[in-house]
Amino acid sequence: MLLGIASPYKLKVRADKFLQVSRLIKQRRYAKEACDRGYVFINGKRAKPSEEVRPGDRITLDLPSGRVEVEVLEVPDGKSVSKEKSAKLYRVIGMPSAPSSLYNISMTRDQALALIKSSVPNKNLVKHMIACAACMRAMALRHGYDPDRWELAGLLHDLDVAETSEDFAKHGIVAVQRLRAMGFGDEEVLNAILAHAEKKPLETPMERALYAVDPTTGFIVACALMHPTKTLAGLDLEFLKKRFKERRFAAGASREQMASCESLEMSLDEFLTLCLEAMRGVAPELGL
Ligand SMILES: [Fe+2]
């Protein structure tokens, strides 16, 4: 038996405990509260905090911050589980096909991509948004939020860059006005766009993630371009960390802003590794 993982004879655990140790919800009391409020479903049925969770069960979290569905792969035995192990206790199935009662996703990734390609003539800026989208998707999965909505925030965040490059005071505001006029109504995504452009304080996890991801993608691209292989595949964490300390390298990428990932309870090492992995997933689109 692996340390901290239940033997085949004890393949069940309380719902609130599973949500906590899997880090789908960070604290036990919030996991209990989510169950009590009716936000948690196991195999389609509303779950009490004491409901038993077994491998193979499907858990749906219909939280005010978004909706996510996972399949339980393993149940923990010990009181604590390492971060690495916690992410292996489940796999994200994704958004259920029925629209959430709380949110209406009014744009697909393809639609958003077509919109930014028609709005932003600079191909490198389009690549920047594709990179941010990939990192935001990975951040959502890491923190237990809806990957589709976080990805949209990354993809759309600089939608107005061509119109506002001379006037930062309008950056973000023009994008939100355009999206609203198109009928896009995901307020959390719109707020993340405003917050990254410093038009509102950073409050939600999505806003904090976008703020940290924004300079990090450019930093990683700069690292790839100066690496002998000129590829993302050639980079590793040590290389990124060395360049991070060289303040004159990619000086436009604010180290403080990148390090703000710590406000999401992530070390810089984990954050850089996650972003690098996510960008490797879209390397052909980035040409790296
Ligand atoms: Fe950006």
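A. Layout of the overall build of the protein chain. A tally of helices and strands in the protein chain yields 14 helices and seven strands. Relative to its length of 288 residues, the protein chain is compact, with a C-alpha radius of gyration of 20 Å against a globular reference of 19 Å. Over its C-alpha atoms, taken along the principal directions, the protein chain stretches across nearly 60 × 45 × 30 Å. Out of the 288 residues in the protein chain, the part that is buried amounts to 42%. In the protein chain, 60% of the contacts between residues at least 6 apart in sequence involve partners at least 24 apart.

B. Broad picture of the nonpolar core. Ranked by size, the top nonpolar core spans 84 residues in total, and within it Cys135, Met136, Ala153, Leu156 and Met279 carry the most contacts. The greatest single-element share of this core, amounting to 13 residues, is contributed by helix 5 (residues 123-143). The residue makeup of this core includes at least three contributed by each of domain 1 (10-94) and domain 2 (109-286). Beyond its immediate chain neighbours, meaning those up to four positions away, Ala153 contacts Met136, Val189, Ala192, Ile193, Met206 and Leu210.

C. Structural detail: the environment of Val282. Turning to its location among the elements, Val282 is positioned in the loop between helix 13 (268-280) and helix 14 (283-286). Residues contacting Val282, with those up to four places away along its chain left out, are Ile130, Ala131 and Ala134.

D. Inspection of the domain arrangement of the protein chain at higher detail. Partitioning the protein chain into domains gives domain 1 (10-94) and domain 2 (109-286). On the side of domain 2, five residues touch domain 1, which itself brings eight residues to the contact. By residue class, the composition of the side of domain 1 that touches domain 2 is four nonpolar, two polar and two charged.

Definitions and limits used
- Residues numbered from 1 in each chain as written.
- Predicted model: local features only at pLDDT ≥ 70, side-chain atom pairs only at ≥ 80, totals over all residues.
- Helix = DSSP H or I, 4+ residues; strand = E, 2+ residues; numbered from the N terminus.
- Rg over C-alpha atoms; globule rule 2.2 N^0.38 Å.
- Buried ≥ 20, exposed ≤ 12 C-beta atoms within 10 Å, placed from the backbone.
- Contact = placed C-beta atoms within 7 Å.
- Core = buried A, V, L, I, M, F, W, Y, C linked by C-beta atoms within 7 Å.
- Domains from an automatic or database assignment.
- Nonpolar A, V, L, I, M, F, W, Y, C, P; charged D, E, K, R; others polar.

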